[in-house]
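Overview (structure and organization)
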Amino acid sequence: GQSLEQPSEVTAVEGAIVQINCTYQTSGFYGLSWYQQHDGGAPTFLSYNALDGLEETGRFSSFLSRSDSYGYLLLQELQMKDSASYFCAVSSGNTGKLIFGQGTTLQVKP
Amino acid sequence: KAGVTQTPRYLIKTRGQQVTLSCSPISGHRSVSWYQQTPGQGLQFLFEYFSETQRNKGNFPGRFSGRQFSNSRSEMNVSTLELGDSALYLCASSATDISPSEQYFGPGTRLTVT
C-alpha cells in the first residue's frame, strides 16, 4: 500500500519562511510532487522531485531524500495569497497516477 | 493554450441514478487522470487513461468507470449512485512522456447525491 503523512495545519506570518514536511511509505517510488489548492479552486502544480536534493522555483523550493522517504516544501517570503492547502503526492511510475497526502492548510497572518 | 475543462460544473442526482462527467484535456496531452475529492478522504485517485486505454486504476468499486476517446477527451461514469459519492470530481491532464507528475487540473464537477 501507499501512505503519505503531512501536518494538517501550519500558521505563519507574512514575510516568514515555512516548511511543510511529507513522509511517505510506498510499494514503489518514482517521484514526489507538490500541489497548491486555494479554497474553491483546483490543485495547481508547484514542483516535482525525482532525485535527492533541492529544487528551487522562485519563492518555493522542494526537497527530497529517497533514503529517508521524506520530502518538504519550503515557502519563503510568505504572502497572504499563499494561504491555501498544500498537498504532497507520490508517483510510483512514469504515469499519471498520483497518490496524494491529506493536505496541509497554511494560514498566513499579517 | 486552453486549460482543462470539465462539464458539468455542478450536478444534483438522487440515489440509484447514474451520472456521466466529461473532461477535455489540454491540447496535446494524452494522459487524463480522475480524482475524487472529499473533506474526509482528501484527493483519491480513480483512474488514468492514456491513448484510449485505462493504464491505472484506484481502489474504487466497479460502479466507477471511465473511457477516453481518440481526441483524448475523457468521460467517467458512476452508476447506482450512493450518498457517499457526493464529492468534487477532478480530472487532470499531463504530457505523460515528458512529466506525468506535472498535472493540470480542471475546475471539477461538484456532484451532490440526495
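First, a word on scope: everything that follows refers to the structure included in this document. (Residues numbered from 1 in each chain as written. Chains lettered and ligands numbered in written order. Predicted model: local features only at pLDDT ≥ 70, side-chain atom pairs only at ≥ 80, totals over all residues. Heavy atoms only, no water.)

**What to know about the sheet that holds strand E6 (residues 53–57) of chain A**
All names here are of chain A. Strand order in this open sheet of five strands is E1-E3-E8-E7-E6, and the pairing throughout is antiparallel. At either margin of the open sheet sits one strand with a lone partner, and together these are strand E1 (3–5) and E6. Strand-to-strand twist in this sheet, taken as the mean axis angle between neighbours without regard to direction, amounts to 20°. Relative to strand E3 (residues 18–25), E1 runs antiparallel, the two sharing three bridges. Looking at E3, one finds that Glu-5 is bridged to Thr-23. (Pairing = 2+ DSSP bridges. Helix = DSSP H or I, 4+ residues; strand = E, 2+ residues; numbered from the N terminus. Axes fitted to C-alpha atoms, helices over the stretch in contact; angles between N-to-C directions.)

**Section: the nonpolar core**
Of all hydrophobic cores here, the largest spans 35 residues; its most connected members are Leu-32, Leu-75, Tyr-86 and Phe-100 of chain A together with Tyr-35 of chain B. Among the elements that make up this core, the one with the highest residue count is strand E9 (residues 84–91) of chain A (six residues). Excluding anything up to four places from it in sequence, Leu-32 of chain A contacts Leu-4, Cys-22, Tyr-24, Ser-47, Tyr-48, Asn-49, Leu-64, Gly-71, Cys-88, Ala-89 and Val-90 of chain A. In terms of nonpolar packing, the next biggest core, distinct from the first, is built from 21 residues, Ile-26, Leu-46, Phe-60 and Met-76 of chain B among them. (Core = buried A, V, L, I, M, F, W, Y, C linked by side-chain atoms within 4.5 Å. Buried < 20%, exposed > 50% of the residue type's maximum accessible area, 1.4 Å probe, protein only. Contact = heavy atoms within 4.5 Å.)

**Remarks on the environment of Thr-38 of chain B**
All names here are of chain B. The residue Thr-38 is located in strand E4 (residues 31–38) in this model. Taking relative accessible area as the criterion, Thr-38 reaches 14% and is therefore assigned buried. Residues Thr-38 and Leu-88, spaced 50 residues apart in sequence, show a C-alpha to C-alpha distance of 6.6 Å. The residues contacting Thr-38, other than those within four sequence positions of it, are Ser-86 and Ala-87. At 3.1 Å, the side chain of Thr-38 forms a polar contact with the backbone nitrogen of Gln-41. (Polar contact = N/O pair within 3.5 Å; in protein donor to acceptor, adjacent residues only side chain to side chain.)

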